[in-house]
Amino acid sequence: MGGANRSLEWLSRRRDGESMALIAWRDGVSPQTVKRATAPYGPFPAASRHLGRTVAASTALGDRTQRWVDARRRGERVSDIAIREAVAHQLVSRYTAEAGPFPSEEVVQDWVRARESGQTVGSIAATYSAPEGLISRSTRPWGPFRPPGPRLPAGLVGGKGIARMAGVSDATGLRWVRTGRVPDPDFVTARSRPLWLSTTILRWLEETDLQTCLICGARCVGLNRHRAAVHHQRAGRTQ
């Protein structure tokens, strides 16, 4: 390990309460070498762990490594851990590399449950000190997740709710709403959002003969009109 990196590690360990003798014994140097490298950056707290008295060198090193492993399992960046501990990021990576996966599977499932409950990726990131991108990538296989914000009361649905009840894509359900294929809304919010009672949509579905397009597999309210649109799209591609 380079001299600069080694000095940073010694600073971290002295701040953790390791004595100079304990650090020196572990790294095969004299206590005076540790003192010269770290003294300019003191003062340090009184040592609470001493070689041969309170803790063995391997135990002290293990405690610190476990702290880094726990942080990485919660999704923290190696660089953030290194800055907080005043050590080189390569040191954190090397000491924790075999303790993965990072983040742990348990933490990922905690993130999934949080997203399912409507928490934003940003709020989860703040709780775990983890990057938003890491949370998004790690939870994506369990998505999609509902948008943040209050849920509709039970028994009310919007365009996407209609799509789920009909077994079609969200885009199809929203198109039905936009083109007036669905019944008139039972309610309209102050922001002009149409809403339907689920019973209204159930009755409509019972009365509507949804058909499946043999060309693309889509479920349609008006099959002939849909087939004409598909034919037009295909003709445009071949021109």
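These lines cover the structure that appears in this document, whether it is placed above or below. Quick caveat, the model's predicted, so the values are computed rather than measured.

1. Thoughts on the packing of aromatic side chains
Consideration 1: For the structure on display, the rule yields three aromatic pairs.
Consideration 2: Ring geometry for Trp 68 and Tyr 95: centres 6.1 Å apart, planes at 80°, overall edge-to-face. Here the residue Trp 68 occupies a position in helix H4 (residues 57-73), and Tyr 95 occupies one in helix H6 (residues 89-96), the gap between them amounting to 27 residues.
Consideration 3: The exposure class of Trp 68 is buried, given its relative accessible area of 0%.
Consideration 4: Between Trp 111 and Tyr 128 the ring centres are 5.8 Å apart and the planes differ by 85°, which places this aromatic pair in the edge-to-face class.

2. Considerations on the sheet that holds strand S3 (residues 194-197)
By way of backbone hydrogen bonds, the strands of a sheet pair with one another, either parallel or antiparallel.
Consideration 1: The strand order across the open sheet built from three strands is S1-S3-S2, with neighbouring strands paired in antiparallel fashion. Of all strands in the sheet, those with a lone pairing partner are strand S1 (156-157) and strand S2 (187-188), marking the two edges.
Consideration 2: Bridge analysis of S1 against S3 gives two bridges, and the strand direction is antiparallel. In the sheet register, Val 157 faces S3, and the bridge partner there is Trp 196.

3. So, the packing of helix H10 (residues 159-166) against helix H12 (residues 198-207)
Consideration 1: Running from amino to carboxyl end, H10 crosses H12 at an angle of 45°, the nearest separation of the two axes being 11 Å. In this view, H10 runs oblique relative to H12, as classed from their interaxial angle. Between H10 and H12 lies a crossing whose hand is right-handed. Between H10 and H12, the contacting residues are Ile 162, Met 165 and Ala 166 on the first element and Ser 198, Ile 201, Leu 202, Trp 204 and Leu 205 on the second.
Consideration 2: Residues belonging to the contact of H10 with H12 are distributed by class as follows: seven nonpolar, one polar and no charged.

About the criteria used
- Residues numbered from 1 in each chain as written.
- Predicted model: local features only at pLDDT ≥ 70, side-chain atom pairs only at ≥ 80, totals over all residues.
- Heavy atoms only, no water.
- Phe/Tyr/Trp six-rings, centres within 6.5 Å; stacked < 30°, edge-to-face > 60°.
- Helix = DSSP H or I, 4+ residues; strand = E, 2+ residues; numbered from the N terminus.
- Buried < 20%, exposed > 50% of the residue type's maximum accessible area, 1.4 Å probe, protein only.
- Pairing = 2+ DSSP bridges.
- Axes fitted to C-alpha atoms, helices over the stretch in contact; angles between N-to-C directions.
- Parallel < 35°, antiparallel > 145°, perpendicular 65-115°, else oblique.
- Left-handed = near helix turned anticlockwise from the far one by under 90°.
- Contact = heavy atoms within 4.5 Å.
- Nonpolar A, V, L, I, M, F, W, Y, C, P; charged D, E, K, R; others polar.

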